[in-house]
Amino acid sequence: QVQLVESGGGLVQPGGSLRLSCAASGFTFSSYGMGWYRQAPGKKREFVATIISTGGSTNYADSVKGRFTISRNNVKNTVYLQMNSLKPEDTAVYYCNTWRVVGVTHFDYWGQGTQVTVSS
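This one's a predicted model, so the numbers in the text were calculated from it and none came from an experiment.

Trainee: Hey, could you run me through the overall build of the protein chain in this one?
Mentor: Per the secondary structure count, the protein chain includes zero helices and eleven strands. Going from N to C terminus, the protein chain has its helices and strands arranged as β-β-β-β-β-β-β-β-β-β-β. A principal-axis box enclosing the C-alpha atoms of the protein chain has dimensions of 45 × 30 × 25 Å. Summed over its atoms, the accessible surface of the protein chain is roughly 6400 Å², and 49% of this surface lies on carbon and sulfur atoms.

Rendered as structure tokens:
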């Protein structure tokens, strides 16, 4: 079964950097797109970034463009989120995601999340 395990979260000062990792298993990693989402307290989960199976194309939320970079290693079955110039509003639980479309049905798979706190 699909398993996604995030790591790398923590407490960082404004302007600092963190790199999140998501180790994937249970599927052919190199065949599927991957993404990162986040959820702040009292808010809905929101899109952060996605990357296609080959890593050749990425997409970002406007709020993180130019600061965050998504990448993947198809040998290590891992997707990364490099976060630079962090702001207090980036504080959230960050979730790794992959998805499948079967016919007209969309399935999402999620990791357990990793907490990122940006505070002085």
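Trainee: Any chance you could explain the nonpolar core here in plain terms?
Mentor: One recurring pattern in soluble globular proteins: nonpolar side chains tend to sit buried together. Within the largest apolar cluster, 28 residues are counted, with the highest numbers of intra-cluster contacts made by Met34, Trp36, Val79, Leu81, Met83 and Tyr94. Breaking this core down by element, the ones donating at least two residues are β3 (18-25), β4 (34-39), β5 (46-51), β7 (68-73), β8 (78-83), β9 (92-102) and β11 (114-118). Those residues within four positions of Met83 in sequence are excluded, and the remaining contacts are Gly16, Ser17, Leu18, Leu20, Arg67, Phe68, Tyr94 and Val116.

Trainee: Mind showing me how you'd approach the packing of aromatic side chains here?
Mentor: For any two aromatic rings, the description comes down to two numbers: the centre-to-centre distance and the angle of the planes. Across all of its chains, the model carries five aromatic pairs by this definition. Relative to Phe29, the ring of Phe27 has its centre 6.2 Å away and its plane inclined at 50°; by these criteria the two rings are tilted. The pair Phe27 / Phe29 is uniform in exposure class, with both members buried. Between Tyr37 and Phe47 the ring centres are 5.8 Å apart and the planes differ by 75°, which places this aromatic pair in the edge-to-face class. One end of the pair, Tyr37, is in strand β4; the other, Phe47, is in strand β5, with ten residues separating them in the sequence.

Trainee: Looking at this structure, I do not really get the environment of Ala23. What am I missing?
Mentor: Its place among the elements puts Ala23 in strand β3. The partly exposed category is assigned to Ala23, whose relative accessible area is 39%. Through-space distance from the C-alpha of Ala23 to that of Gly66 is 24 Å; in sequence the pair is 43 residues apart. Apart from the residues lying within four places of it in its own chain, the contact partners of Ala23 are Gln3, Leu4, Val5, Asn77 and Thr78.

Trainee: Any chance you could explain the side chain of Arg67 here in plain terms?
Mentor: Along the chain, Arg67 falls in the loop between β6 (58-60) and β7. What makes Arg67 buried here is its relative accessible area of 10%. Separated by 2.9 Å, the side chain of Arg67 and the backbone oxygen of Ser63 make a polar contact. When sequence neighbours within four positions are dropped, the list of residues in contact with Arg67 reads Gln82, Met83, Asn84, Ser85, Leu86, Lys87 and Asp90.

Trainee: I'm lost on the pairing of β8 in this one. Help?
Mentor: A regular strand carries its side chains on alternate faces of the sheet. Burial of β8 is extensive: five of the six residues sit out of reach of the surface. As defined by bridge partners, β3 adjoins β8 across six bridges and the pair is classed as antiparallel. Opposite Leu18, over in β8, you have Met83 as the bridge partner. Between β7 and the antiparallel strand that follows it, β8, lie four residues; Asn77 among them carries a positive phi value of about 55°.

Trainee: Please clarify how the pairing of β7 should be interpreted in this entry.
Mentor: Side-chain alternation along β7 places Phe68, Ile70 and Arg72 on a buried face and Thr69, Ser71 and Asn73 on a face that remains uncovered. With six bridges joining them, β7 and β8 adopt antiparallel strand pairing. In the sheet register, Ile70 faces β8, and the bridge partner there is Leu81.

Definitions and cut-offs
- Residues numbered from 1 in each chain as written.
- Predicted model: local features only at pLDDT ≥ 70, side-chain atom pairs only at ≥ 80, totals over all residues.
- Heavy atoms only, no water.
- Helix = DSSP H or I, 4+ residues; strand = E, 2+ residues; numbered from the N terminus.
- Areas by Shrake-Rupley, 256 points an atom, 1.4 Å probe, with all protein chains shown as cover.
- Core = buried A, V, L, I, M, F, W, Y, C linked by side-chain atoms within 4.5 Å.
- Buried < 20%, exposed > 50% of the residue type's maximum accessible area, 1.4 Å probe, protein only.
- Contact = heavy atoms within 4.5 Å.
- Phe/Tyr/Trp six-rings, centres within 6.5 Å; stacked < 30°, edge-to-face > 60°.
- Polar contact = N/O pair within 3.5 Å; in protein donor to acceptor, adjacent residues only side chain to side chain.
- Pairing = 2+ DSSP bridges.

These figures come from the coordinates and say nothing about function on their own.
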